[in-house]
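# Notes for the structure review
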Amino acid sequence: MKEVSQENTSGTPTEYLSAPSNLPKREWKNRLFRTIFATAVIFSLLMLLILIIRIITQGIGSIDWQLFTNFASRHPDEAGLKAPLIGTIWMMALTGPISFVLGVGTAIYLEEYAKPNRFTTLIQTNISNLAGVPSVVFGLLGLTLFVRELSMGRSLIAGALTMSLLILPIIVVSSQEALRAVPAELKQASYAMGATTWQTIFKVVLPASVPGILTGTILALSRAIGETAPLIMIGALTYIAFLPESIMSQFTVMPIQIFNWTNRPQEEFHMVAAAGIIVLLVMLLVMNSIAVWIRNKFQRRF
Amino acid sequence: MSDNERPSIRKMIEDKASQKGATNAAEKTMPKLFLICAIISILTTFGIVLTLLFETVTFFSEVSIVEFLTSSEWYPMFSDPDYGIRPLLLGTFTVAAIAMVVAIPVGLAVAIYLSEYASDKKRRTIKPILEVLAGIPTIVYGFFALTFVTPVLQSVIPGLAIYNALSPGLVMGIMIIPMVASLSEDAMSAVPQSMREGAFALGATRLEVSLKVVFPAALSGIIASFVLSISRAIGETMIVTVAGGGSPAQGFDITSSMQTMTAYIVQMSLGDAGFGTTVYYSIYAVGMTLFIFTLVMNILAQFISKRFREEY
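Residues numbered from 1 in each chain as written. Chains lettered and ligands numbered in written order. Predicted model: local features only at pLDDT ≥ 70, side-chain atom pairs only at ≥ 80, totals over all residues. Heavy atoms only, no water.

So, on to the overall build of chain B. The helix and strand inventory of chain B stands at twelve helices and two strands. Rg of the C-alpha trace for chain B: 27 Å, well past the compact-globule value of 20 Å for 312 residues, more than 25% over. Here the C-alpha coordinates of chain B stretch approximately 90 × 65 × 40 Å along the principal axes. By the burial criterion, 52% of the 312 residues in chain B qualify as buried. The contacts in chain B between residues at least 6 apart in sequence include a share of 70% that link residues at least 24 apart. A total of about 14,000 Å² of accessible surface is found on chain B, and carbon and sulfur atoms cover 67% of it. Averaged over its 20 positive side-chain charges, chain B has a centre that lies 14 Å from the centre of its 23 negative ones. (Helix = DSSP H or I, 4+ residues; strand = E, 2+ residues; numbered from the N terminus. Rg over C-alpha atoms; globule rule 2.2 N^0.38 Å. Buried < 20%, exposed > 50% of the residue type's maximum accessible area, 1.4 Å probe, protein only. Contact = heavy atoms within 4.5 Å. Areas by Shrake-Rupley, 256 points an atom, 1.4 Å probe, with all protein chains shown as cover. Lys, Arg positive; Asp, Glu negative; His and termini not counted. Charge placed at Lys NZ, Arg CZ, Asp CG, Glu CD.)

The buried fraction of helix α11 (residues 254-262) of chain A is high, at nine of nine residues. Within the sequence span of α11 of chain A, burial applies to Met254, Pro255, Ile256, Gln257, Ile258, Phe259, Asn260, Trp261 and Thr262 of chain A.

To continue, consider the pattern of salt bridges. Within the structure shown, the criterion is met by eight salt bridges over all chains. Residues glutamate 208 of chain B and arginine 26 of chain A are paired through a salt bridge, measuring 2.7 Å at the closest nitrogen-oxygen approach. In this pair, glutamate 208 of chain B sits in helix α8 (residues 206-217) while arginine 26 of chain A sits in helix α2 (residues 23-59), so the two residues belong to two different chains. Each member of the pair glutamate 208 of chain B and arginine 26 of chain A is classed as buried. Ionic pairing is found between glutamate 112 of chain A and lysine 187 of chain A, a salt bridge with its closest N-O pair at 3.5 Å. With a gap of 75 residues between them, glutamate 112 of chain A in helix α4 (residues 82-113) and lysine 187 of chain A in helix α8 (residues 184-192) connect regions that are remote in the sequence. The exposure class of glutamate 112 of chain A is buried, given its relative accessible area of 17%. (Salt bridge = Lys/Arg side-chain N within 4 Å of Asp/Glu carboxyl O.)

Our next topic: the UniProt feature "transmembrane region" (unreviewed entry) in chain A. Residues and elements named next belong to chain A. Here the UniProt feature "transmembrane region" (unreviewed entry) sits at residues 32-53, 89-110, 130-147, 156-176, 196-219, 231-251 and 271-294. Secondary structure content for residues 130-147 is 78% helix and 0% strand, and the end C-alpha separation is 21 Å. The distance from the first to the last C-alpha atom of residues 271-294 is 35 Å, and the span holds 100% helix and 0% strand. (UniProt positions renumbered as here; feature names shortened; annotations may be inferred.)

Below, the structure is given as structure tokens:
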């Protein structure tokens, strides 16, 4: 591209040649701004680096076997992640299937069944607006609807339902994209063989789009795993010295335990919090790697 | 096909006929099941609006709406409580403004670099790394703001309180950079290559192409990305809860604590408010205000990107 930009525009060639050229100045300005833009990129990457290095140096010392086998404690060196770790696993095991079924179901309806009418537009607009609602407002909904009105109490299931509604828009949108990527020829071939709509969806469209759907779902769950505010709202306890036994049990999760430790004035607790953050980030890293792996391994280009 | 496959095909047809009932049933019920799933998303919105509305109405039966909107004091826990939303709004918008001062210039510069200057290979390396920045849980940013950024800032600004508006604002800005960058870059990448080539052919430098051709053509998408980011900043909760402190704003002093709407909601639900008290209902009134602001901004963003889009 650079060769092309050597030309100037105004006047006839002779006029242009006789006029003093402003090109060096403009090229210099171009290089200057290029540097500024690149600096912005470096700044962002540097911030990420500082954040990660800072967390690791602060927390690595507190990572030992005890961290995973102990419950929370008043003594920083004995405090552990056992309850929140198990709580987070429970939470994901409940949120995953609920949000998957609801999200994929909605996406199938919108992409495969819905007619282009006002009701469909309403659902679609509604979903994009839900995606922009602050998570703390979902917490208020969960507190009122699940905890109080449906008297689920401050239980795992109340938390999981709140989380499912929170990540629903993400799953719907990514599943819709995956379904849309299935070429019409595949469906037409299926119909030509005499298959019904549902048979076509179940045996042709879904198998072809399942990598995309799974990737979207895992990424949505990795958003849920770090969400703190909605679960604080529904009253996930911060001090729990027992493991959840059923979906009606009280619980705590990783980000809430981290929040609790961060809020304490003692420096030692901040170190344990950093250790908890490392564990949380590793969990996120694993989930994202699985998502990327599924995408690369199974996704077919049509 | 060999002969011995024929009976099996006949059998298949017979099997098909006998399964027809089941197939028909699936054909009829599946769309309904999926419709129910789709309706749940609508019910969620209704649920949010109705919950907020009901509890807010209860709140306004105890506190006058005029006081809520006009009083300049927010002291719900005093024996003679004041419920004026203004200090919370001030806190929310101040922190969001600080975040935008960081996120908009940096995010836009990153977007221009990625869309106009970077090679394909560079773009494909940098983008996923920036996405990591957006995927880190907000509680981690809150921790970072409180235990790293605030102490660093304190060494520069001596009067800075432990809980202040500046530090969470800056950290929130860093968190939002990828959002501005990614949405703006999408808008700029959508500008047709032929327009750039036309400008290059006329002798424009890369900077001139970026700022005078691509930027104006993508402006609606870029502005929409700003509006969405502001909405995100207003709704952000954990960073301000951890690092912003719990006292309502006393003027524009960003070196002291300025409670945001989100931080107030979390603080009260952590146990300060008993069920059924006026304070308890106040979190819904604040939640309603927050919901309205973010909803209006999201709709505004959609409107801008639709209404002012340049079609090529």
